[in-house]
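# A structural walkthrough
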Amino acid sequence: MGRIKFKRILLKLSGEALAGKAGTGIDLPTVRRVAGELADVKKEFPDVQIAIVNGGGNLWRGETAAAAGMERAQADYIGMLGTVMNALSLADALRQLDVDTRVLTAIEMRQIAEPYIRGRAIRHLEKGRIVIFGAGTGSPYFSTDTTAALRAAEINADAIFMGKNGVDGVYDSDPRKNSSAVKYNTLTYDDILKKSLKVMDSTAGAMAKDTDMPLVVFNLNEAGNIKKAIEGQQIGTLIKGSK
Ligand code: UDP
């Protein structure tokens, strides 16, 4: 077994991470692949505790619907429901791989998930269960990146792992548009502000900075990356807290 650098992680998955090639909807083979990777991590590192915040952009974005005329708060509630659909899909795939998993939602829907209660989330983690936080923060105008920063602080996570779709870290410009873009191996939260780098939205960035939370940005589509990040191997970009 490799050396473990981060024992309790908060993995942020964008909604797109569960979508197929089209970038929208829930693609079951993709969900199974992500679940399979998490099951492998749990098998190799049984002591590593994994909490997940998933996005919902593959199904709905509040801002887009608001731009098209819907009331913003209402549009955001629909977005939060989308994150629950993703969370339930991932939980199903994990359970089919015999990984003990619980979904906790910030908006109560007791028939299908547990309500979010901080102490309960921590207890599940201590018992080795994967915990998936659905419905974002439960409040409109926020993002699931902010949810990740908030929940990571609440559960005293050692780091946020931000799995990106095809991009393997933070660059000085968009590598998809600029072939000479340069990747950073390490950054501080001050660097991100000074250089106006797009890592997470500003509310989420402020929260992660204030709580001094280490953040690993890496390519989720490369198999084995979650394990490498847990061992502290140099993959992607590490945004250092002072921990
Ligand atoms: N959302 C919200 N409050 C939250 C988290 C999410 O209102 O605390 C809504 C918002 O409308 C957002 C949608 O849920 O557009 C999907 O989340 P997000 O865009 O963060 O998903 P991702 O980009 O990670 O797929």
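Now for a look at the structure at hand. (Residues numbered from 1 in each chain as written. Predicted model: local features only at pLDDT ≥ 70, side-chain atom pairs only at ≥ 80, totals over all residues. Heavy atoms only, no water.)

## Looking at the overall build of the protein
A tally of helices and strands in the protein yields 8 helices and 11 strands. Its C-alpha atoms give the protein a radius of gyration of 17 Å, within 12% of the compact-globule value 18 Å for 243 residues. Its C-alpha atoms give the protein principal-axis dimensions of roughly 50 × 50 × 35 Å. Residue burial in the protein is summarised as follows: out of 243 residues, 50% are buried. The contacts in the protein between residues at least 6 apart in sequence include a share of 71% that link residues at least 24 apart. (Helix = DSSP H or I, 4+ residues; strand = E, 2+ residues; numbered from the N terminus. Rg over C-alpha atoms; globule rule 2.2 N^0.38 Å. Buried < 20%, exposed > 50% of the residue type's maximum accessible area, 1.4 Å probe, protein only. Contact = heavy atoms within 4.5 Å.)

## Here's the deal with the packing of aromatic side chains
Going through the model one piece at a time under the given rule, you end up with 3 aromatic pairs. Seen in terms of ring centroids, Y116 and F133 are 5.4 Å apart; in terms of plane orientation they differ by 80°. Their pairing is edge-to-face. Here F133 lies in strand β5 (residues 130–134) and Y116 lies in the loop between β4 (114–115) and α4 (118–126), a separation of 17 residues in the sequence. Residue class for F133 comes out buried when judged on its relative accessible area of 1%. Taking 6.0 Å as the distance between ring centres and 85° as the angle between the ring planes, the aromatic pair formed by F161 and F218 counts as edge-to-face. Of the two residues, F161 sits in strand β6 (residues 159–164) while F218 sits in strand β10 (residues 215–219), which places them 57 residues apart along the sequence. When its relative accessible area of 0% is taken as the criterion, F161 is described as buried. Through a chain of ring-to-ring contacts, three or more aromatic side chains come together here, namely F6, F161 and F218. Seen from the ring of F133, R151 lies directly overhead, with NZ or CZ sitting 5.7 Å from the centre. (Phe/Tyr/Trp six-rings, centres within 6.5 Å; stacked < 30°, edge-to-face > 60°. Lys NZ or Arg CZ within 6 Å of the ring centre and 35° of its normal.)

## So, a nonpolar patch on the surface
A cluster of nonpolar side chains, namely L59, W60, M70 and M85, defines an oily patch on the protein surface of about 330 Å² accessible area. Secondary-structure assignment places M70 in the loop between α2 (62–67) and α3 (72–96). (Patch = residues over 30% accessible without salt bridge, like charges linked within 9 Å, V, L, I, M, F, W, Y side chains within 5 Å. Areas by Shrake-Rupley, 256 points an atom, 1.4 Å probe, with all protein chains shown as cover. Salt bridge = Lys/Arg side-chain N within 4 Å of Asp/Glu carboxyl O.)

## Structural notes on the sheet that holds strand β1 (residues 8–13)
A sheet is described by the order of its strands in space; here 9 strands give the open sequence β4-β3-β5-β2-β1-β6-β10-β11-β9, paired in mixed fashion. Unpaired on one side and paired on the other, β4 and β9 (186–188) mark the two borders of the sheet. As defined by bridge partners, β10 adjoins strand β11 (residues 237–240) across 3 bridges and the pair is classed as antiparallel. Within β11, the position partnered with V217 by the bridge is T237. Along the sheet, α3 makes contact with β1, β2 (49–54), β3 (101–105) and β5, crossing β3 at roughly 170°. Set on the sheet, helix α5 (residues 144–154) makes contact with β1, β2, β5 and β6; between it and β1 the angle comes to about 175°. (Pairing = 2+ DSSP bridges. Axes fitted to C-alpha atoms, helices over the stretch in contact; angles between N-to-C directions.)

## Focus on the site of the ligand
Near the ligand lie 20 residues; those nearest to it are G15, D76, T137, S139 and T144. Note that an oxygen atom of the ligand is positioned 2.8 Å from one of the side-chain N or O atoms of R61. Contact distances for the ligand include 2.6 Å between an oxygen atom and a side-chain N or O atom of T137. Expressed as a share of its isolated accessible area of 530 Å², the protein-covered part of the ligand is 91%. Among the elements that line the shell around the ligand, the one with the most residues is α3, at 3 residues. Considering only residue class, the shell around the ligand consists of 4 nonpolar, 13 polar and 3 charged. (Near = heavy atom within 4 Å. Polar contact = N/O pair within 3.5 Å; in protein donor to acceptor, adjacent residues only side chain to side chain. Nonpolar A, V, L, I, M, F, W, Y, C, P; charged D, E, K, R; others polar.)

## Observations regarding the side chain of R129
Tracing the backbone through its elements, the reader meets R129 in the loop between α4 and β5. R129 gets classed as buried once you look at its relative accessible area, which sits at 16%. A polar contact of 3.3 Å, which involves the side chain of R129, links it to the side chain of D100. Side chain to side chain, R129 and H124 meet in a polar contact 3.0 Å long.

## A few points about the pairing of β3
On a regular strand, one side chain projects to one face of the sheet and the next to the other, so that they alternate. Counting buried positions over the 5 residues of β3 gives 4, a clear majority of the element. The pairing of β3 with β5 spans 5 bridges and is parallel. Counted as the bridge partner of T105 is G134 from β5. Relative to β4, β3 is paired through 2 bridges, and the arrangement is parallel. Pairing of L104 across the sheet is with E114, part of β4.

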